[in-house]
Amino acid sequence: MLEVVIVLVVGTVLLLTFGSMIIGAQGAYNEGMVAANADSTATRVLRQAVSELRDAQLSSITLSQPTNAPSISYTKITGWSGTAPTTSATQTLSFASGALSLNGQVIVDGLADVFFDLDVSVLTITVRVSATTATRGVERVISRQLVANLSL
C-alpha cells in the first residue's frame, strides 16, 4: 500500500512539473510571436516612411515643431524642365492617435509613436510600436523602436 501512495505522489509531482513547463513554453511562444509582430510592423512603417521621404527636396521640408515633430511637410522632385526641377504638390506625413497618415489618409495604424527630426541635411525618422501579451494572467508590454537617418 505504501508503494502505491509513493508512486501516486511521484506521478502527481511529475505531471505538475510537466504541465508547468508546457504552460511556460506556451507563454514564451506567445510572447515571441507578439515581439516578432511588433518588429515586423516597426520595420514596415520605417521602410514606408523612408520610401516616401527619400526624394523629398531638402529646402521644402517643414517640421510641425523643432524636435520630435509628429508631422513633416515636403515636396518631391518629380522631373526636370530644362535645368529647373519640377516638384510635386506639398505632401504631409503625420502621426496622430496611433496612426501614420499621408495627406490625411491613414496608411498604417496601431503605432505607439512616430516622429521626425532634421539636423542640417539628415532627417531622422523614429518609429515606436508597442504590443501587450498576457501569460498566466500577467500582462507584459513589448515595445520596439527603430530609427532611420536619411541624408537628403
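Residues numbered from 1 in each chain as written. Predicted model: local features only at pLDDT ≥ 70, side-chain atom pairs only at ≥ 80, totals over all residues. Heavy atoms only, no water.

### Looking at the sheet that holds strand β7 (residues 105–109)
Just so we agree on the cut-off: In this analysis, strands are considered paired if DSSP registers two or more bridges between them. Per the convention used, a helix needs a DSSP run of H or I reaching at least four residues, while a strand needs a run of E reaching at least two, with both numbered from the N terminus.
Strand order in the open sheet formed by five strands is β1-β2-β5-β6-β7, and the pairing between neighbours is antiparallel. Pairing within the sheet leaves two strands with one partner each, and these edge strands are β1 (62–63) and β7. Two elements, β1 and strand β2 (residues 71–74), share two bridges in a ladder whose sense is antiparallel. Residue pairing across strands places Thr 62 opposite Ser 73, the latter belonging to β2.

### Things to note about unusual backbone geometry
Rule in force here: Note on classification: 1.4 Å probe, protein chains only; a residue is buried when its accessible area is under 20% of the maximum for its type, exposed when over 50%, partly exposed between these limits.
In the Ramachandran plot, Asn 103 falls in the positive-phi region, its phi being about 55° despite a non-glycine side chain. Here Asn 103 falls in the partly exposed class, since its relative accessible area comes to 41%. Here the phi dihedral of Val 120 falls at roughly 60°; this positive angle occurs in a residue that is not glycine. Mapped onto the elements, Val 120 comes out in the loop between β8 (113–119) and β9 (122–135).

### Some words on the sheet that holds β8
Rules: Helix axes use the C-alpha atoms of the stretch in contact, all axes being lines fitted to C-alpha atoms, and the angles between their N-to-C directions lie in the range 0 to 180 degrees.
The antiparallel open sheet is built from three strands, whose spatial order is β8-β9-β10. One side of each edge strand has no neighbouring strand; the edge strands of this open sheet are β8 and β10 (138–151). Neighbouring strand axes in the sheet, compared pairwise and without regard to direction, differ in orientation by 15° on average. Here β8 pairs with β9 via seven bridges, running antiparallel.

### Concerning the side chain of Thr 133
We count it as follows: Note on definitions: a residue-residue contact is assigned when non-hydrogen atoms from the two residues lie within 4.5 Å.
Looking at the element boundaries, Thr 133 is found in strand β9. The residues contacting Thr 133, other than those within four sequence positions of it, are Asn 30, Glu 31, Val 34, Val 138, Glu 139, Arg 140 and Ile 142.

### Quick notes on the environment of Pro 66
Checked against the element boundaries, Pro 66 lands in the loop between β1 and β2. For the pair Pro 66 and Asp 117, spaced 51 residues apart in sequence, the C-alpha to C-alpha distance is 7.4 Å.

### Some thoughts on the environment of Val 129
Along the polypeptide, Val 129 turns up in strand β9. You can call Val 129 buried: its relative accessible area is 4%. Residues Val 129 and Arg 144, spaced 15 residues apart in sequence, show a C-alpha to C-alpha distance of 5.3 Å. Once residues within four sequence positions are removed from consideration, Val 129 is found in contact with Ala 38, Thr 41, Ala 42, Gly 110, Leu 111, Ala 112, Ile 142, Ser 143 and Arg 144.

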